[in-house]
Amino acid sequence: MKKTLALLLTGILALSLALAGCSSSTSKEKEDGKGGSSEAKGGVLIYGKGGDAVGLDPAIVTDGESFIVTQQIFETLVKYGEDDTEIKPGLAESWEVSDDAKTYTFKLKTGIKFHDGTDFNADAVVKNFQRWAQSKDEGRFAYYASMFGGFEGDESHVIKEVKAVDASTVEFTLNRPQAPFLKNLAMPTFAIASPDGIEKEGDDFTKNPSGTGPFKFKSWKPGDTIEVVKNDDYWQDGLPKLDGITFKVIKDNSARLNAAIKGEIDLMDGLNPSDISKVTGDEKLQIFERASMNVGYFAFNVEKAPFDKKEVRQAISHLINKKEIIDNFYESTAEPAKNPMPPSVSGYNDKVEDYDYDVEKAKELLKKAGLEDGFKMDLWAMPVPRPYMPDGQKVAEAIQASLKQVGIEANIVSYEWAAYLEKLQAGEAQSFMMGWTGDNGDADNFLYTLLDKDNIGSNNYARYANDEVHKLLIEAQSTADEAKRNELYGKAQEIIHDEAPWVPLVHSLPQLAGSKTVKGFVPHPTGSQSLVNVSLEN
Amino acid sequence: MGLLIGPVKGDLGVSLKTNSPVSEEIGPYLMATIELALIAMIIAVVIGVNAGIISAWFQNSWFDYVAMVIALIGLSMPIFWLGLMEQYIISIQWDLLPTTGRDNIRDPVEAITGLYLIDTLMAGRVDQFFEVIKHLILPGLALATIPMAIIARMTRSSMLEVMRSDFIRTARAKGMKMFWVVYKHSFKNALIPVVTVIGLQTGLLLGGAILTENIFGWPGIGTYIYDAILSRDYPVIQSGILVIAFLFVMINLVVDLLYAAIDPRIKYK
């Protein structure tokens, strides 16, 4: 009997050895074959991500997992800078803005073709905008509706007319000035698609997209991989450097890292902060840090005592040790915040000097406010992890402990997420933790949305109202000159800093990992970028 | 009425998220799951049944104890932990098998039927066939642990019962080799509860192994429905569950039919 068992075990062992042997030899051949070709060409980059794309028509999707793919296939009229939201020429090589900031005239690059062979020109741009504006379908073109105030015929609609002046000139006429207009146009969702393709494919365009980008769509295995290949007729000489990109879905963050360690994927997003040491300890891997597009903050309801007093708010600003919070709750993957918007957004005022951590100064300020014996307050903490705040409860506890040093007793309050937001909006909280991730990388999207008196009852949860700030923000909205706008936003940030309706805590920095062979990759703060300049080098 | 008649005609509704028919979308996911579930069940049955038989045969031996302790551990093991450990030890440390996916991403399989084992053979790519097998082993093992443990324990108890019966004593008394007594006489009679458990477990595996799929980057139906739940894509949730329920019922039907083949006393009229 033992013989049978022994025979069985030997058999299994032999089989597994044979299998391992023959398969590893085939894989070696493969690698050799690929290695040879990658030097000559550029190789195929495997990009591991956490979810599949919803669709590949950028106009109808709203999620980052789709945009990271569409950014390879499509291009926008203007685009963001490499690692900030400065506006750079894209499909439009230059543009002019009228003095009243209501007319934008774009000069388009010529000689560009869509992947389906049709010409990119002013007509194509007009047709794209008509498709969105005339659809009146908020379910489908959600971003268009929210960034440009609805659709054609709506009272709040920003774009009055898009006109092709000649084959390479497009003129946008606006109903009213919109300061972030160019930044909106740079959003991946407003990429120019082939009108022919849209017409021919209809609803299937989202599965068979055609744009002007550096890569052409090849295949899509749902839930698994999306392949794009080099566009040989790309308008920028010598680009893209890669032969293609394959996007592979691996949902679990740790499993994705395992695949990267094994070399099955070249680049991955969504690295767990706790896994950073695994990457830095591996000689074949490197870390990429995405610049932040968000802010996590602790704010006061300035309508409620004692936070109606500026001194109290400033005192508490002196009491919060941001560095400690970052080290303990963000695994050091965040930078301390001093302004209500991240440094990657143009208009950021770096001259503002943050309140230093100083208990004595805080005591002094409280004395001035007549509260040297401390007081009781409610501190609201969010119940769910957010990109800008991985653990709201714990951070609240840290703040609670800091406040205790000067005799302030903070009582931590929390509600279910939807209720939390509703109550904040209604102004029920005395002080609270919140955060914001930018939509289009414009200062307006942070300062006006979060701190202007127009938005009390909406996103201005601190209920902060300052007429001077309001004047600056409104002026910035109707100014088309970027330098002038940045100056206005800079001033607004100074006032906000002094008035301290918020204690800006952190800008969190999403982490990515990749093989050391990956060169030229700069993660963009918006979460998706073209990989046109990326190459694989040994 | 449309809800009732639609599925019969192959109309499973339209996904709210992607705007395309669920009946078209679900195919590849289903095939990926079926391939993985079948491999997992083969591993679970081969190892589980044999472990159960040998444990019963040498009851209270060291093998019995070790096998049953392993079965207990297997039953209570968190799959995501096991999966990550497999990846870390077997693929990264020992460098034997790939960590994720169904095929080599750098040399993808051309999908025809969606069952890659068959597709690669149809395309005449033997190297890819072995590549696919390599990709199946780790997720197959992870997925097989729980059914394997259940099958082993069920086989053991069922075998113990049979081996105490009179006809086994007779068989041994007439000098039959123990191996044949165990594998032929006892096992055949112990098979009915085992087959039932195998059927139920197969049905459960088809229902989606969300954790295994997530960890091994496997584009299966569990993930498909899970994503649909997160994005409130009701047509996908409904149709997905309908398809799984249908498969579950079919497998149980097959199990019922198998009873007749196993036990001549059972006849369907």
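Before any of the text, the structure's been laid out above.
What this report covers is the structure whose coordinates are included nearby.

Here's the deal with the overall build of chain A
At step 1: For chain A, the count of helices and strands is 16 helices and 21 strands.
At step 2: Against the 2.2 N^0.38 benchmark of 24 Å for 538 residues, chain A shows a C-alpha radius of gyration of 27 Å, consistent with a compact globule.
At step 3: Dimensions of chain A, computed from the C-alpha atoms along their principal axes, are close to 85 × 80 × 35 Å.
At step 4: Across the 538 residues in chain A, those meeting the buried criterion constitute 54%.
At step 5: In chain A, the proportion of contacts linking residues at least 24 apart, taken out of those at least 6 apart, comes to 68%.

Here we look at empty space enclosed by the protein
At step 1: Counted under the stated rule, the structure contains three cavities of 30 Å³ or more.
At step 2: Roughly 100 Å³ of volume is contained in the largest cavity.
At step 3: If you trace the largest cavity, you find 14 residues lining it, with Lys 338, Tyr 355, His 497, Trp 502 and Pro 504 of chain A closest to the centre.
At step 4: Breaking the lining of the largest cavity down by element, the ones donating at least two residues are α16 (482-499) and β18 (502-508) of chain A.
At step 5: Grouping the constituent residues of the lining of the largest cavity by class yields eight nonpolar, three polar and three charged.
At step 6: A volume near 60 Å³ is recorded for the second largest cavity.
At step 7: The wall of the second largest cavity is formed by Ser 219, Lys 221, Asp 224, Thr 225, Glu 227 and Thr 246 of chain A together with Asp 103, Ile 105 and Pro 108 of chain B.
At step 8: Of all the elements in the fold, those that place two or more residues in the lining of the second largest cavity are β8 (215-221) and β9 (225-230) of chain A.
At step 9: Considering only residue class, the lining of the second largest cavity consists of two nonpolar, three polar and four charged.

What about the pairing of strand β17 (residues 431-437) of chain A?
Residues and elements named next belong to chain A.
At step 1: Across the seven residues of β17, six count as buried, placing the element largely inside the fold.
At step 2: Where strand β13 (residues 294-300) lies against β17, seven bridges are found, and the strand directions are antiparallel. Residue pairing for β17: Val 295 is matched across the bridge by Trp 436.
At step 3: Looking at chain direction, strand β15 (residues 376-380) and β17 are connected through two bridges and run parallel. Opposite Trp 380, over in β17, you have Phe 432 as the bridge partner.

Some remarks on the environment of Gly 222 of chain B
Residues and elements named next belong to chain B.
At step 1: One can find Gly 222 in helix α10 (residues 221-230).
At step 2: Classification of Gly 222 as buried rests on a relative accessible area of 3%.
At step 3: Distance in space between the C-alpha atoms of Gly 222 and Val 162 is 38 Å, their sequence separation being 60 residues.

Quick notes on the packing of aromatic side chains
Both the distance between ring centres and the angle between the ring planes are used here to describe each pair of aromatic rings.
At step 1: Tallied over the entire structure, the rule returns 35 aromatic pairs over all chains.
At step 2: Taking the centre distance of 4.8 Å and the plane angle of 85° together, the rings of Phe 129 of chain A and Phe 172 of chain A count as edge-to-face. One end of the pair, Phe 129 of chain A, is in helix α3 (residues 122-135); the other, Phe 172 of chain A, is in strand β7 (residues 169-174), with 43 residues separating them in the sequence. Of the two residues, Phe 129 of chain A and Phe 172 of chain A, both sit in the buried class.
At step 3: A centroid spacing of 5.5 Å and a plane angle of 45° characterise the contact between Tyr 234 of chain A and Trp 235 of chain A, whose relative ring orientation is tilted.
At step 4: Site record: aromatic cluster; members linked through ring pairs are Trp 95, Tyr 104, Phe 106, Phe 129, Trp 132, Tyr 144, Phe 148, Phe 151, Phe 172, Phe 181 and Phe 190 of chain A.
At step 5: Residue placement shows Lys 423 of chain A over the ring face of Tyr 415 of chain A; its charged tip is 4.7 Å from the ring centre.
At step 6: The residue whose ring lies beneath Arg 102 of chain B is Tyr 116 of chain B, and the NZ or CZ to ring-centre distance is 3.8 Å.

Reading the values: rules and limits
Counting restarts for each chain: residues are numbered from 1 in the order of the written sequence. Note on labels: chains are lettered from A, ligands numbered from 1, in written order. It should be noted that, the model being predicted, local features are given only for residues of pLDDT at least 70 and side-chain atom pairs only at 80 or more, the latter also being counted only at that level, while totals for whole chains, interfaces and linings use all residues. To obtain the side-chain values, all non-hydrogen atoms of the structure were used and water was disregarded. Helix numbering and strand numbering both begin at the N terminus, where a helix is a DSSP run of H or I of at least 4 residues and a strand a DSSP run of E of at least 2. Radius of gyration here uses only the C-alpha atoms, and the compact-globule reference equals 2.2 Å multiplied by the residue count raised to the power 0.38. Working definition: with a 1.4 Å probe on protein chains only, accessible area under 20% of the residue-type maximum means buried, over 50% means exposed, and in between means partly exposed. Residue contacts are defined here by distance: any two heavy atoms, one from each residue, within 4.5 Å place the two residues in contact. A pocket, in this scheme, is an open set of points on a 1 Å grid over the protein atoms alone with protein on both sides within 12 Å along at least 5 of 7 lines, while a cavity is a set where a 1.4 Å probe fits but cannot get out; residues line either one if an atom lies within 4 Å of a point. Grid points are joined across faces, edges and corners, and a volume is the space filled by probe spheres set on the points. Amino acid classes used here: Ala, Val, Leu, Ile, Met, Phe, Trp, Tyr, Cys and Pro are nonpolar; Asp, Glu, Lys and Arg are charged; the rest, including Gly, are polar. Any two strands are treated as partners once DSSP identifies two or more bridges connecting them. Two rings from Phe, Tyr or Trp (for Trp, the six-membered ring) form a pair when their centres sit within 6.5 Å of each other. Planes less than 30 degrees apart are called stacked, planes more than 60 degrees apart edge-to-face, and all others tilted. Placement of a positive charge over a ring is assigned whenever Lys NZ or Arg CZ falls within 6 Å of the ring centre and within 35 degrees of the normal to the ring plane.

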